[in-house]
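Chains, contacts and geometry: an overview
Here's the letter readout for the chains.
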Amino acid sequence: MSEQIREYELGMHPELPPPNRQSGLVKWVMDNLFPSVGSGIITVICLIFLYYVIPPLFNWAFWDSVVFNATSREECYAINDGKGACWAFIYRRWDQFVYGFYPEAERWRVNISFILLAMTLVIVLAEKVRKVKGIMWLVLILPIICAILIPGSELLGLTPVPTNKFGGFMLTLIIGMTGIFVSLPIGIGLALARISSLPIFSVFATLFIEFIRGVPLITLLFIASTLLSYFLPPGTNFDLLVRVLIMVTIFSAAYLAEVIRGGLAAIPRGQYEAADALGLSYWKSMRLVILPQALKISIPGIVSSFIGLFKDTTLVVIIGLLDPLGIGAAAIADIKWTALGYELYVFIAVFFFICCFGMSRYSLYLERKLHTGH
Amino acid sequence: MKKLLPLALGIAALATGSIASAGTLDDVRSNDVLKCGVSTGLAGFATPDDTGEWQGLDVDTCRAIAAAVLGDAKKVEFVPLTSKVRFEVLKSGEIDVLSRVTTWTLTRDVGLGLNFAGVNYYDGQGFMVSKDLGVSSAKELDGASVCVQTGTTTELNLSEYFRLNGMTYEPVPVETSTEGRAAYSAGRCDVYTTDASALAAQRTGLTNPGNYVILPEIISKEPLGPVVRHGDDQWFDIVKWSHNAMLNAEELGVTAANAVERSKDANNPAVQKLLGTADAGLGKQLGLSEDWALNIITQVGNYGESFERNVGVKTPLGLERGMNGLWNDGKTGIQYAPPIK
Amino acid sequence: MSVTDVPEKKPFSVGAMWRDKKARGIIMQIAAVIAVLIFIGWIVANTVSNIKNLGIEVGFDFLWTTASYDINQSLIDYNATDTHFRAAVVGLLNTLLVAVCGVIAATILGFSAGVARLSNNFVISKLMQAYVEAVRNIPVLLQILLWYTVILHSLPKVKQSVAIIEGVIPTNRGLYLPQPLPQEGFGWVWIVLIVALIGAFFFKRYAKKVLDQSGKQLPAFWVGLAMIIGLPLLTYYVIGQPLEVSMPVLKGFNFKGGFALKPEFLALWLALSIYTGAFIAEIVRAGIMAVSHGQSEAAHALGIKPNLTMRLVVIPQAMRVIIPPLISQYLNLTKNSSLAIAIGYMDIVATLGGISLNQSGRAIESMSIILLVYLTISLVVSGIMNVYNERVKLVER
């Protein structure tokens, strides 16, 4: 065995693997977890925190003799000593959580509406489907069918279902989706009015937007539930849900208007002038030139407004509509299921998290895809 | 702008009874349903069971009115209301009658523009404490935290009682009885105060009902009853007499089971007048059919039956008749209805 | 002036007027004004006739009648014999209290989380991302209810409570703390504090001047801190500690003495700070990322230390991007504090819009006052923001 010493010409030495400390797991750990003493201490604190929070939480929610099938809290606790979560009441009242008090015989209408809604989402979201000619009309038509199907109408031979029977996630989706569908066009209108060169329109739009944005949604909902009837002709009787829908929609529209106004402001002046130079009328220039660009750059803001709107639907419980929180409150008011607050709140939180997180991820994806750069 | 269409259609489909009409009775008839405001969930008075069917003493008042007006006790749409919004909702005409453990006071009767159509439960505000505290009188509650439902007369009585007795307390406002129970069982407060009947209801919902006592002091008069708007006397009369019919039926021994049979009993003019077989035209005077009271009794029962079914000693609430017994029961009863003749 | 400037007189016609952009604009605006006026008139007429039909009284005189209910948390003296107006003020102060506390906590939390998310420490950055994503996607009402439940169920009951340190006792009826009661002569401490604040301010200006002229760095921060804390403390001891402390003591049902942060306040404060903090974290992150990388590279090239780079170069530029959305988050927090009603915290919606409204039946009046209060807060804050925006606007080219 002899040590061979070879000489290389300058720059001809084959690449050697990096030393151990500079590669693989060790390097990653050193770089990402312990880049410095202070940072290392923080890492350790975080890991200890996670160790004390995550395993007990998982145990409670999933592993520690969780009970799905019991008829009362006592029964749950008899099985698991009150250690694990008692999801049984959600299982027992699943139908209420989904449909509220919607009559059982008519629930197929809600189910069909769910399917139609899913189709609408697919059309809007999936690019390939969207490109099919004329399919965008379905986006308008399907929600209308839902809007007729769910409350029902004598004319079509569907038994009308009073709106106070609506509840649960179905109600959340009704309020959220109506808000999203209707507030977008209103928001665009308000934004255009606000930047309009006609002073009166701009003043009215500004006043309206600032008023709505200046007050909490809950006060508007209080007005909807108690005061609105003072403002309407004597004897007029609007359905409470419709009043709530109107309030939620204008609330969301005011926020959207500001987002879209930001988008409009970001369009270079030259685009407006170019559209004018082509002799396009105001509406045509907006529709063909300005709005497509403005909406594109407003997408993140629009989606986060939608997420906000969707989360805000929970507020209706305060004026007595039976959204999932309301249904849940009624469930844990039942003597059989008292004091199951954690289970209830965690369950609803997971539902909202999935919906809202999904929306925000989609918006990120869109943002990246549409980022054409300048 | 086309996207506005669903909204427009929605409104068209949902706006109900948008035409002003002469009276509540006509509204109820044309809708073929009675809209009745009840509690969001108070055991024994108004609460939906597992199948979503509403049950309770207040619910029975609604059903009685529906039976009298529409001939069918099932034609009621129950609108659960918090104590906070109930009067506004009634005043706005969204409901036809409010039957929601509502205390009859002068301010409400006059100042709020309402009419109280009788008393379906004589109640009073009391205190519930855990036996562990070793408290036997409300006078020993100095310094306690007290859970109290907001938007009611309860907080006024509470404040007055403690002030008059020179005691301090920490009010813990809760919005609904559900919230109240959650806060109370978690130990947020030492004492729970509301009407004694509701205390009994709350107690059934606690984990160990036997561990709680209701203190002997009743600090207020709380006559609870159905409420209607000012300005529609005919409707006021109907609500008032629907309730009176139930009381009279109990007094005359007419029950759901024997009402049809008793209506044929020619020897008892009082029963015949009540059940509309005396040809006295009493129903017509109210603007109803002659069998209005018969419908109430056969479908809902008399007051005593309703009481025992919903809040009586055999129910989880276990309330004695007490003041709510009939005036002639020889005990403490003060339920007294004017005669139907 | 030349003759050609005189416009040619066109024959009047409606069609021509409609084709004329200017005239059309005017017509449309007039139509809009008329439509809005008619709408408002219609609403007023309806309201008047409704009020008349129902025979209810209208007016703000109810504000001066006795409220007759108690409020469990009040910054000013209040008892059940005071007026509805005073009850409303108590509620407003409670709203402002939770808003101010929430804004402070959310800012600290949000800035820490935002900077931490950009850290090269994998664990902390992922943890912060998880925090931001989880909290932003769950309704704030749910979070308030959840925190309230957590506080009620996980903190010890009064009878079983133990002090963590002398006088600090967490219970599910509130966090009890010792309450300092200033005695005679304590005013001097306040005066010295104000003097120290002014002194620190001038020292900072002096330090900046020295820095600009000689490049020498004076430890302005530490000197200032020493002045602000040290001087009043010194005064306090010199004049003989004129402060008594009231300690919470368990007496009967509850703790007496000291001072308590109620569970309703704690839950609302926690929930609002954590919720808003997540949004602020995103704003801060976006703000820092918006500062061009060249800036920090330039600072490095100048040999400025990394933490000083952050403080002197990156953050000041990022603030320009951060401040406007930050302010609107503050407003959101204030508005979200109205959800207090769900857990019984007595803010203005719960006092004036809740119990007072119910006792008096004056719905229109109470709600208008509440709307006005929130609008005023919003307008004042956005006014301040506009002034700020004007001041920091980049003077370009």
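Residues numbered from 1 in each chain as written. Chains lettered and ligands numbered in written order. Predicted model: local features only at pLDDT ≥ 70, side-chain atom pairs only at ≥ 80, totals over all residues.

1. Thoughts on the overall build of chain C
To keep it simple, the criterion reads: Put simply, DSSP H or I for four residues or longer makes a helix, DSSP E for two residues or longer makes a strand, and each gets a number counted from the N terminus. Atoms considered for the radius of gyration are the C-alpha atoms alone. The globule rule reads 2.2 Å times the number of residues to the power 0.38. For every residue, the other C-beta atoms within 10 Å of its own C-beta are counted; 20 or more classify it as buried, 12 or fewer as exposed, and values in between as partly exposed. C-beta atoms are placed from the backbone. Note on contacts: each residue gets a C-beta atom placed from the backbone, and two residues are in contact if those atoms are within 7 Å.
Along its length, chain C carries twelve helices and seven strands. Computed over its C-alpha atoms, the radius of gyration of chain C comes to 29 Å, more than 25% above the 21 Å expected for a compact globule of 397 residues. The burial tally for chain C puts 36% of its 397 residues in the buried class. When contacts within chain C are restricted to residue pairs at least 6 apart in sequence, long-range pairs at least 24 apart make up 66% of them.

2. Re the overall build of chain B
The number of helices and strands found in chain B is 14 helices and 14 strands. Whereas a compact globule of 341 residues would reach a radius of gyration of roughly 20 Å, chain B reaches 21 Å, a difference of no more than 12%. Seen through its C-alpha atoms, chain B measures out along the principal axes to roughly 70 × 60 × 40 Å. Out of the 341 residues belonging to chain B, those deemed buried represent 57%.

3. Concerning the interface of chain C and chain B
Heads up, the condition is: Residues are sorted three ways: Asp, Glu, Lys and Arg are charged, Ala, Val, Leu, Ile, Met, Phe, Trp, Tyr, Cys and Pro are nonpolar, and all the rest, Gly among them, are polar.
With 28 residues of chain C in contact, the opposing surface of chain B contributes 30 residues. Looking at the side of chain C that touches chain B, the elements that each hand over two or more residues are α2 (21-54), α5 (140-154), β6 (254-256) and α11 (348-360) of chain C. When its residues are assigned to classes, the side of chain C that touches chain B shows eleven nonpolar, twelve polar and five charged.

4. A closer look at the confidence of the model for chain B
Selection rule: Known as pLDDT, the predictor's confidence for each residue is given on a scale from 0 to 100.
For chain B, per-residue confidence averages 86 on the pLDDT scale, and residues scoring 70 or more make up 93% of the total. When the criterion is pLDDT under 50, residues 1-21 of chain B qualifies, and its contacts beyond four places in sequence or with other chains add up to 45 contacts.

5. Notes on the pairing of strand β8 (residues 125-130) of chain B
All names here are of chain B. Heads up, the rule is: For two strands to be treated as a pair, DSSP must find no fewer than two bridges joining them.
Among the six residues that make up β8, five are buried, leaving the element largely enclosed by the rest of the structure. Looking at chain direction, β8 and strand β11 (residues 191-195) are connected through five bridges and run antiparallel. Residue pairing across strands places Val129 opposite Val191, the latter belonging to β11. In this structure, β8 lies alongside strand β12 (residues 212-214), joined through three bridges in antiparallel fashion. What sits directly across from Ser130, in β12, is Tyr212.

6. Focus on the packing of helix α9 (residues 168-194) of chain A against helix α14 (residues 282-312) of chain A
All names here are of chain A. This is how the line gets drawn: Inter-axis angles, ranging from 0 to 180 degrees, are taken between N-to-C directions of lines fitted to C-alpha atoms, where helices are fitted over the stretch in contact. The scheme is simple: roughly parallel for angles under 35 degrees, roughly antiparallel for over 145, roughly perpendicular for 65 to 115, oblique for anything else. Take the far helix as your reference; a near helix turned counterclockwise from it by less than a right angle gives a left-handed crossing, and one turned clockwise gives a right-handed crossing.
At a closest axis distance of 11 Å, the pairing of α9 and α14 adopts a crossing angle of 135°. Taken together, α9 and α14 sit at an angle that is classed as oblique. Crossing hand, α9 versus α14: right-handed. Seen from α9, the contacting residues are Gly176, Gly179, Ile180, Ile188 and Leu192; seen from α14, they are Met286, Leu291, Phe306, Leu309 and Phe310.

7. Thoughts on the environment of Glu305 of chain B
Tracing the chain through its elements places Glu305 of chain B in helix α14 (residues 303-310). Dropping the residues within four chain positions of it, Glu305 of chain B is found in contact with Thr255 and Ala256 of chain B.

8. As for the sheet that holds β11 of chain B
All names here are of chain B. One open sheet holds the five strands; their spatial order is β10-β9-β11-β8-β12, and the pairing between them is mixed. Where the open sheet ends on each side, the last strands, each with one partner, are β10 (169-174) and β12. Shown here is a sheet whose adjacent strand axes are inclined to one another by a mean of 30°, direction ignored. Note that strand β9 (residues 144-149) and β11 share three bridges and pair parallel. Within the sheet, the bridge partner assigned to Val148 lies in β11 and is Thr193. Those strands touched by helix α7 (residues 177-185) are β9, β10 and β11, and its axis lies near 160° from that of β9.

9. Some remarks on helix α8 (residues 196-204) of chain B
All names here are of chain B. The buried fraction of α8 amounts to eight of the nine residues, a majority that puts the element mostly inside the structure. The set of residues buried in α8 consists of Ala196, Ser197, Ala198, Leu199, Ala200, Ala201, Gln202 and Arg203. Looking at the packing, one finds that the buried side of α8 touches β7 (121-123), β8, α7, β11 and β12.

10. Side note on the interface of chain A and chain C
Listed per partner, the contact involves 41 residues of chain A and 44 residues of chain C. Only α2 (37-63), α10 (199-214), α11 (217-231) and α16 (341-370) of chain A provide two or more residues apiece to the side of chain A that touches chain C. Counting residues per element, the side of chain A that touches chain C draws most heavily on α16 of chain A, at ten residues. Tallied by class, residues from the side of chain A that touches chain C come to 31 nonpolar, nine polar and one charged.

11. Some words on the sheet that holds strand β7 (residues 259-261) of chain C
All names here are of chain C. Spatially, β1-β2-β7 is the arrangement adopted by the three strands of the open sheet, whose pairing is antiparallel. Both edges of this open sheet fall to β1 (169-171) and β7, since each of them pairs with a single strand only. Neighbour to neighbour, the strand axes of the sheet diverge by 25° on average, direction disregarded.

12. Points about the domain arrangement of chain B
By a frequent convention, interface size equals the accessible area lost on bringing the separate parts together. Residue and element names in this part refer to chain B. Keep this limit in mind: Domain start and stop points were drawn from an automatic or database domain assignment.
What the domain assignment lists for chain B is domain 1 (19-122 + 224-324) and domain 2 (125-220). In this structure, domain 1 and domain 2 have C-alpha centres spaced 30 Å apart. Between domain 1 and domain 2, the residue contacts involve 17 residues of the former and 15 residues of the latter.

13. Quick word on the nonpolar core
Here is the rule: To count as a nonpolar core, a set of buried Ala, Val, Leu, Ile, Met, Phe, Trp, Tyr and Cys residues must be joined through C-beta atoms within 7 Å.
With 271 residues, the main nonpolar core has Leu221 and Val244 of chain A together with Ile144 and Leu268 of chain C as its most contacted residues. In this structure, Val244 of chain A is in contact with Ile175, Leu221, Ala224, Val316 and Leu321 of chain A, ignoring residues within four places of it in sequence.

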